[in-house]
Amino acid sequence: MTSLAIGVDIGGTKIAAGVVDEAGAIVDTTRRPTPSTDVAETERVIADAVAELRSRHEVVAVGVGAAGWIANDLATVLFSPHLAWRDEPLRAALADRIGVPVTVENDANAAAWAEHRFGAARGADVVVAVTLGTGIGGGLVAHGSLYRGAHGVGGEFGHMTVVPDGRRCACGNRGCWEMYASGTALARDARELAEASPVAAHRMLALVGDDPDRLTGPVVTQAARDGDPAALGICAAMGRWLGLGLANLAAVIDPTVFVIGGGLCAAGDLLLAPARDAFAHALAGRGFRPMARVAVAALGPAAGLVGAAELARRAAQAGTVSAPSAR
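Residues numbered from 1 in each chain as written. Predicted model: local features only at pLDDT ≥ 70, side-chain atom pairs only at ≥ 80, totals over all residues. Heavy atoms only, no water.

1. What about the pattern of salt bridges?
- Enumeration over the complete set of coordinates arrives at 12 salt bridges.
- Taking the shortest distance from any N to any O, the salt bridge between Arg44 and Asp48 comes out at 2.4 Å. In this pair, Arg44 and Asp48 are both assigned in helix α1 (residues 39-54), 4 residues apart and thus about one turn of the helix distant.
- Relative accessible area serves as the criterion here: at 35%, Arg44 is assigned to the partly exposed category. (Salt bridge = Lys/Arg side-chain N within 4 Å of Asp/Glu carboxyl O. Helix = DSSP H or I, 4+ residues; strand = E, 2+ residues; numbered from the N terminus. Buried < 20%, exposed > 50% of the residue type's maximum accessible area, 1.4 Å probe, protein only.)

2. What about the sheet that holds strand β12 (residues 257-261)?
- The strand order β11-β10-β9-β12-β13 describes an open sheet built from 5 strands, whose pairing is mixed. Taken across any chain shown, the strands that pair with only one partner, and hence form the sheet edges, are β11 (145-147) and β13 (293-296). If you compare each strand with its neighbour and ignore which way they point, the axes differ by 25 degrees on average.
- The sheet contact formed by strand β10 (residues 136-142) and β11 spans 3 bridges and is antiparallel. In the strand pairing of β11, Ala142 is matched with Ser145.
- On the sheet, helix α3 (residues 107-118) packs against β9 (126-132), β10, β11 and β12 and is oriented at approximately 45 degrees with respect to β10.
- Helix α7 (residues 229-253) contacts β9, β10, β12 and β13 of the sheet and is inclined by roughly 150 degrees relative to β9. (Pairing = 2+ DSSP bridges. Axes fitted to C-alpha atoms, helices over the stretch in contact; angles between N-to-C directions. Contact = heavy atoms within 4.5 Å.)

3. Here we look at the packing of helix α4 (residues 183-196) against helix α6 (residues 217-225)
- For the pair α4 and α6, the least separation of the axes is 8 Å and the interaxial angle reads 70 degrees. When the axes of α4 and α6 are compared, the pair comes out roughly perpendicular. Of the residues in α6, those in contact with Gly183, Leu186, Ala187 and Ala190 of α4 are Gly217, Val220 and Thr221.
- Broken down by class, the residue content of the contact of α4 with α6 amounts to 4 nonpolar, 3 polar and no charged. (Parallel < 35°, antiparallel > 145°, perpendicular 65-115°, else oblique. Nonpolar A, V, L, I, M, F, W, Y, C, P; charged D, E, K, R; others polar.)

4. Thoughts on helix α2 (residues 90-98)
- Buried residues of α2: Leu90, Leu94, Ala95 and Ile98, and no others. Down the axis of α2, the buried side of the element spans an arc of 115 degrees, and every buried residue falls inside it.
- Tucked inside the fold, the buried residues of α2 contact α1, β4 (62-66), β6 (77-79), β7 (86-88) and β8 (102-106).
- Gly99 lies just past α2 and shows a positive phi near 90 degrees. (Arc of directions from axis to C-beta.)

5. Comments concerning the sheet that holds strand β5 (residues 69-70)
- Spatially, the 3 strands line up as an open sheet ordered β5-β6-β7, and their pairing is antiparallel. Edge positions in the sheet fall to β5 and β7, since each has one partner strand and no second.
- For β6 and β7, the ladder comprises 2 bridges, and the chain directions are antiparallel. Bridge pairing in β7 places Phe79 opposite Arg86.

The following block contains the structure:
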């Protein structure tokens, strides 16, 4: 019998949950908005999404991929720049509500694991996953092991400084990479253009009823795919920032492949072509070293969900997490 697990991917704007089989295929899904400022409500929504799926499927475990820094206990969210969690015992908060073993993992770590097991990085020795959403998430799989760091918070690539004293980030620092290459950055740049030059931004504004506050990353991406010169320019600029960050990571990690995932992958080569060019131009020792491949996540925005489910299934089968006690 196929062993099913539920993966839950918690982002800054949405909670996506799905039932995943042992081959990494999603057999059922549900989605809800993220109540990002309310810890208790976020946990209630997660439990409700899981309960909906469990009403239709028998599962062995639930994996929660959270947008935040997860301690090595795979239970505690130490900090989340885009959500309200601060030293939150998330596994304990969810376990009795959910009723099956629960594992908590960083969402980008989960995505990296999914791409290593089932996706664009299958068979690669060293995999760096970069997820582009509200911010930038990162994950590292080296020689078959997921690297979490000494305290569980390794791989937070989005918070490396690329512009000293640059834009203020939700983490409290300035000039973080995700302030220049993320859905937040894409929307901010579009709104700034609309304010400075409504004529230049008129095609994007037409998509949102001339309300610049409604300009989002997906709107900019759609406008770029439709050939809007302003949106194309914004995507190209973000791609260059993305490529610069990849070159910095390559200097430290030397990966086999970069896997670019998250919702902004919908932009495709409008984003990745300038990113690859900038990466090749900024790579240290270019021309005298192997250059990592830059690939689009094969599992798309679902990678975090799939990886969270697979990690939870493995933990349950290994006996490293147990079912909650009966009350």
